Amino acid sequence: MAYKNFRIETDVDGIALVTWDIPGKSMNVIDETSGAELGLIIEQLTSDVAVKGVVVTSGKDAFCAGADLTMLEAMNRTHAQMLNLQGEEAANKYLFNEARKLSQSFRNIEVGGKPWVAAINGTALGGGFELALACHHRIASDNAKTRVGLPEVKIGIFPGAGGTQRLPRLMPTMDAVQMLFKGEAIDVKKAQARGIIGEVVPAGDLILKAKDWIKAGGKAVAPWDQKDFKLPGGAVYSKAGLQFFQPATAMLRRETYDNYPGARAILQCVYEGLQLPMDTALRVESRYFSKILRSKEAAAMIRSLFISMQDLNKGARRPTNVPPANVRKMAIIGAGFMGASVGFVSAQAGIDVVLIDRDQDAADKGKGHSKANVDAAVSKGRMTQAEGDAILSRITATTDYNAISDCDLVIEAVFEDRMVKAETYAKAQPFLKKGAIFATNTSTLPINSLAEEFKDPSKFIGVHFFSPVDKMMLSEIIVSEKTGDVALATALDYVRQIKKTPIVVNDSRGFYANRCVMLFLFEGYEMLLEGVPPAMIENVAKMAGMPVGPLSLNDETALDLGLKILRATEADIGTQAINQDHKKLLVEMVEKRGRLGRKNGRGFYDYPEKGKGQKKLWPELTVLQPKLLDPDTIDVEELKQRFLVVQAVEAARTVEDGVITDPREADVGSILGFGFPPFTGGTLSYIDFMGTKKFVELCLKLEKKYGSRFTPPKLLIEMAAKGETFYGRFTSKKAIAA
Ligand code: NAD
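Let me sum up the structure you'll find in this document. Keep in mind the model is a prediction, meaning the values are calculated, not measured.

1. Some points on the site of the ligand
Here is step 1: Taken together, 23 residues surround the ligand, and among them Met338, Asp357, Glu416, Lys421 and Ser443 come closest.
Here is step 2: Gly336 has a polar backbone atom sitting 3.3 Å from an oxygen atom of the ligand.
Here is step 3: Its free accessible area being 830 Å², the ligand has 81% of it covered by the protein chains.
Here is step 4: For the shell around the ligand, the secondary-structure elements that each account for two or more residues are helix H13 (337–348), helix H16 (418–428) and strand S15 (460–465).
Here is step 5: Here the element with the most residues in the shell around the ligand is H16; it accounts for 4 residues.
Here is step 6: Residues of the shell around the ligand, tallied by class, amount to 10 nonpolar, 8 polar and 5 charged.

Okay, here's the thing in C-alpha cells:
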C-alpha cells in the first residue's frame, strides 16, 4: 500500500524501514493525514508475517516537530459545534475518541509483537517523541543540535499520546515530572544519560545500528509489559513515592499557582497512571487530555503562543508590495547597554555589524560585550570557539560614520535625549545609502516627533528592543505617520533574521508594551500607598500569573529611570498627566534615600553582594507607607484582578487609540514583551475569554473603588453592549474568533 507521507522499504532480513517525509513541508508534523496513515502502517506491518521488525525514521532534517496544533484547534471547534447541536455528552465523547486515536496507535506498536526501533535522526518533539517512546528501542544520531522532549505544557496542554505514562516508567518519577512540567527539550547525550534514549551513534550508522538491534534479538515487549517491572522512581504508595508526590503538589503550586490546568493534569496523570496497568493508564491520560484540550487556557495559549505567533513570525503585517530584504550589513549608533546587545544578536544571526560610538573606547566596550557573551557560551559548551570567532569577526567597532555608507540598516541606540538623537541623525543621514532604512530604539520619545529630524521620514521607523535583548523574544516596531512600506518591510525582515517576533504598532507615548506594563508598576505603587504589605503585593502579582512582582520589576528597570519618565511626561503634557503621589514616592526612594534599584544594590529590595544570599524586601519600606492594612482584611482575589485588569483595560485603550490594529499583536506582545500571564492568552484574550460584558462590569466596580485608571473606554462599552469580542471585531478572516 502506498502512503502520502511515508515510504516503506522492507529489506531481505524482513526489516521494514518506515521513512516519514511529508511532501512539500520542511518538517514532519502529526496532522490528520499522517496520524491516520501512521495508524494504518502500524496495522499493516503488525499483520504482515514477512515483516520481522520495524525501524521508523524521518526523511527531513528533524524527526518530527510534534502535533499540528491547527488540527487540535479544529477538533476544539468541532467540539464547540457539537456541544450546541448534540449536547455535552456527544461532544465530549467525540473529543475523547479523537484524543484516543494516536495514543491507541502507539500502544499498538508496543503490543504488536514485533520489535520497533525509533531512529531519531534529528529533533523529535511532542507527539513525534511520543512515537519514539512507544518504540521498543530508541537510537539517535550524534547531532549536537538535536533536541528531544515534550513541550506541550508551554501551550496549555500536555503530552496526550502516552508521554505522561512512558516517561515516568523510563526514568525516576521526579525527573520525569520535572521534564514534563518544564516542557524541557534536551540534547541526545542528556537523554541517553537519563535513560530515555538507548544509543547515540554517528549519523551515517543510524539505520544500520537500528537494524542491528532488531537482528540481535531486540525484545518486542516494553519493560512495563513484563511481569517483574519495577517503576524507576518507586511505586506511588511506597516510601519513595510518598517522598515525591506530597512535595510535588506543593512544587506545582509554587511554579504555577495552579493557573495552568495542563500542568496540574500532568501530575494527575502520573499519579493515577502509575498505579494502573498501561492500557488503563493510557485511557486515563486520554480523558485528562480531552478535558484539558477544551479548557479556555489551552484555547487561549494555542491561539496566541502558536497560531498568532507563527502568523506574526511569518510576516502577517508585512507590506506585500515590497520584495524581501536581506540585511547583510548594519550599523548601530550608540554601543551602550542596548546597542552592544543588539549588535551581538545581529552578528549571531550572520549580519555584519558596525558599532559606532562617541569615542573608540566606548565602541570597543560595546564589542567587548559580545566577546564576553561568546566566551561564556564557549566555556559552557553552547558554542564552539570557531563559531564564536566568526561572530566576533563580523563586528567592527569604530567612531567613523563613513562606515554607514554600505549598510542596509542603521539602528540608533544613543542616550534617551532628543538633542543627542537629533545630532546623530544629522551626522548619519549624509552617509545613508539608497534604499537603506534608519531605526531608533527609543523607549519613550514619540516616533512622529523624531521623524521630523529626518530629511526623508519614509525611511525612519522605531524598532524597540526589550532588555535583556538576547533573552527577550519581542521587537516592537513603531511606524510614524510618514514611515514608508520599504522601511516597515525591511524592519520586519530584519527582526525575522534575528529570530525575534515582531509586532507593529502606531505611535503613542510608551507605544504599546511600556504603556501597559507601566500600569502594572503603578498598581504596585498604589497598593503600597494603600498599606498593602509589600510581600503581599509581590506574591499576589505572581499568583495572578505575572513572572515577577511590580516592586521587583521596578528595581530591575531602575527607579531613577521611572522618575525620569514621570518628570518627562509631566514636562511634556502637564501635572495632571502623572500621579503626584507616585512621583513623591520615587523622589523619596531615589533622591532622599539613594535607592535606585538593582543597579546600586538598593531599591524596593536589598541586594546582597554577588553570589551571597538572596535579595530581600527592604525592611524599612513600610516606613514610607502612609498606613498599614491588616493583611487578613485584604481581598486577595481583588488584588489579583487589579493587576491584570489595569493592564488589559489599557490594552483596550491602545486599540481604541489605533496604536494596536490587530489583537494578535496585543496578545503576543503582552506575553513576550512584559510577561502578561500566558494562560490568559494575552491582554485582549483575557477580556475576550472573560466576556466583554463581564469585563466591563468588573472595570466599573474597580473604577468606583479605585478611580479612573479602571474606567473602560467607549469602545469596550460599545463592544459589551453588542456582545462583541476583539477577535470577532478586529481580526482578519485568517485569525480565529474566541
Ligand atoms: P546607554 O547609556 O547604555 O548607551 C548609550 C550609548 O550611546 C553610550 O555608549 C554612549 O556613549 C552612546 N552615545 C551617546 N551619544 C552618542 C553620540 N552622539 N554618538 C554616538 N554614540 C553616542 O543607554 P541604553 O540603555 O543602551 O539606551 C539606549 C537607547 O535605547 C535609549 O534610547 C533607550 O531609551 C533605549 N532603550 C533602552 C532600554 C533599556 O532597558 N535600557 C530598553 C529599550 C530601549
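Once you've had a look at it, read on.
2. Comments concerning the layout of surface pockets
Here is step 1: Taken as a whole, the second largest pocket encloses approximately 580 Å³ of empty space.
Here is step 2: Lining the second largest pocket are 16 residues, and of these Ala144, Lys145, Arg147, Arg382 and Met383 lie nearest its centre.
Here is step 3: Considered class by class, the residues forming the lining of the second largest pocket number 4 nonpolar, 4 polar and 8 charged.
Here is step 4: Residue-level mapping places the lining of the second largest pocket at the junction of two domains, with at least three residues from each of domain 1 (6–294) and domain 2 (329–509).

3. Description of the packing of helix H22 (residues 559–573) against helix H23 (residues 580–592)
Packed helices, taken two at a time, are described by their axes: the angle between them and the distance between them.
Here is step 1: Running from N to C, H22 and H23 point in directions that differ by 140°, and their axes come no closer than 9 Å. Here H22 lies oblique to H23, going by the angle between them. In terms of crossing hand, the pair formed by H22 and H23 is left-handed. In this structure, H22 contributes Leu559, Asp560, Gly562, Leu563, Leu566, Arg567 and Glu570 to the contact, and H23 contributes Gln580, His582, Lys583, Leu586, Val587, Met589, Val590 and Glu591.
Here is step 2: Of the residues belonging to the contact of H22 with H23, the class tally is 7 nonpolar, 3 polar and 5 charged.

4. Description of the pairing of strand S1 (residues 6–10)
Side-chain direction in a regular strand flips from residue to residue, so the side chains alternate between the two faces of the sheet.
Here is step 1: Bridging between S1 and strand S2 (residues 15–20) involves 5 bridges; their strand directions are antiparallel. Pairing of Ile8 across the sheet is with Val18, part of S2.
Here is step 2: In this structure, the hairpin formed by S1 and S2 is closed by a connection of 4 residues, where Gly14 is found at a positive phi of approximately 80°.

5. Quick look at empty space enclosed by the protein
Here is step 1: What the rule picks out here adds up to 2 cavities of 30 Å³ or more.
Here is step 2: Here the largest cavity is characterised by a volume of approximately 60 Å³.
Here is step 3: As for the largest cavity, its lining consists of Leu312, Asn313, Lys314, Gly315, Arg318, Leu492, Asp493, Val495, Arg496, Lys500 and Pro502.
Here is step 4: When contributions to the lining of the largest cavity are tallied by element, the ones reaching two or more residues are helix H12 (296–313) and helix H18 (485–497).
Here is step 5: Examining the composition of the lining of the largest cavity, we find that 4 residues originate from one element, H18, more than from any other.
Here is step 6: What the second largest cavity holds in volume is close to 30 Å³.
Here is step 7: Every residue along the wall of the second largest cavity is listed here: Val153, Gly156, Tyr260, Pro261, Gly262, Ala263, Glu297 and Met301.

6. Quick notes on the pattern of salt bridges
Any two side chains of opposite charge can pair if their charged atoms end up close together.
Here is step 1: Counted according to the given criterion, the structure contains 46 salt bridges.
Here is step 2: Across the salt bridge formed by Arg593 and Glu588, the nearest N and O atoms sit 3.0 Å from each other.
Here is step 3: Arg593 sits in the partly exposed class, given a relative accessible area of 28%.
Here is step 4: Shared partners join several salt bridges into a network, and the residues in it are Arg107, Glu110, Arg166, Asp225 and Asp279.

7. Quick word on the side chain of Glu297
Here is step 1: Along the chain, the position of Glu297 falls in helix H12.
Here is step 2: Of the buried charged residues, Glu297 lacks a salt bridge, with Lys296 as the closest side chain of opposite charge at 4.1 Å.
Here is step 3: Sequence-distant contacts of Glu297, that is, excluding residues within four places in its chain, are made with Asn259, Pro261 and Phe679.

8. Here we look at the packing of aromatic side chains
Here is step 1: With the rule as written, the count across this model stands at 22 aromatic pairs.
Here is step 2: With centroids separated by 5.6 Å and ring planes inclined at 80°, the aromatic side chains of Phe158 and Phe289 adopt a geometry described as edge-to-face. Of the two residues, Phe158 is situated in the loop between strand S7 (148–149) and helix H5 (163–170) and Phe289 in helix H11 (residues 278–293); the sequence distance between them amounts to 131 residues.
Here is step 3: A residue is classified by how much of its surface remains accessible, and Phe158, at 0% relative accessible area, is buried.

9. Focus on the packing of helix H6 (residues 173–182) against helix H10 (residues 261–273)
Here is step 1: Contact geometry for H6 and H10: axes closest at 10 Å, N-to-C directions at 155°. On the basis of their axis angle, the class for H6 and H10 is roughly antiparallel. Where H6 crosses over H10, the handedness of that crossing is right-handed. Between H6, through Thr173, Val177, Leu180 and Phe181, and H10, the contact on the second element is made entirely by Ala263, Ile266, Leu267 and Val270.
Here is step 2: In terms of residue class, the contact of H6 with H10 is built from 7 nonpolar, 1 polar and no charged.

Reading guide: rules and limits
- Residues numbered from 1 in each chain as written.
- Predicted model: local features only at pLDDT ≥ 70, side-chain atom pairs only at ≥ 80, totals over all residues.
- Heavy atoms only, no water.
- Near = heavy atom within 4 Å.
- Polar contact = N/O pair within 3.5 Å; in protein donor to acceptor, adjacent residues only side chain to side chain.
- Areas by Shrake-Rupley, 256 points an atom, 1.4 Å probe, with all protein chains shown as cover.
- Helix = DSSP H or I, 4+ residues; strand = E, 2+ residues; numbered from the N terminus.
- Nonpolar A, V, L, I, M, F, W, Y, C, P; charged D, E, K, R; others polar.
- 1 Å grid on protein atoms, 1.4 Å probe; cavity = no way out; pocket = protein on both sides within 12 Å on 5 of 7 lines; lining within 4 Å.
- Points joined across faces, edges and corners; volume = space filled by probe spheres on them.
- Domains from an automatic or database assignment.
- Axes fitted to C-alpha atoms, helices over the stretch in contact; angles between N-to-C directions.
- Parallel < 35°, antiparallel > 145°, perpendicular 65-115°, else oblique.
- Left-handed = near helix turned anticlockwise from the far one by under 90°.
- Contact = heavy atoms within 4.5 Å.
- Pairing = 2+ DSSP bridges.
- Salt bridge = Lys/Arg side-chain N within 4 Å of Asp/Glu carboxyl O.
- Buried < 20%, exposed > 50% of the residue type's maximum accessible area, 1.4 Å probe, protein only.
- Lys, Arg positive; Asp, Glu negative; His and termini not counted.
- Phe/Tyr/Trp six-rings, centres within 6.5 Å; stacked < 30°, edge-to-face > 60°.

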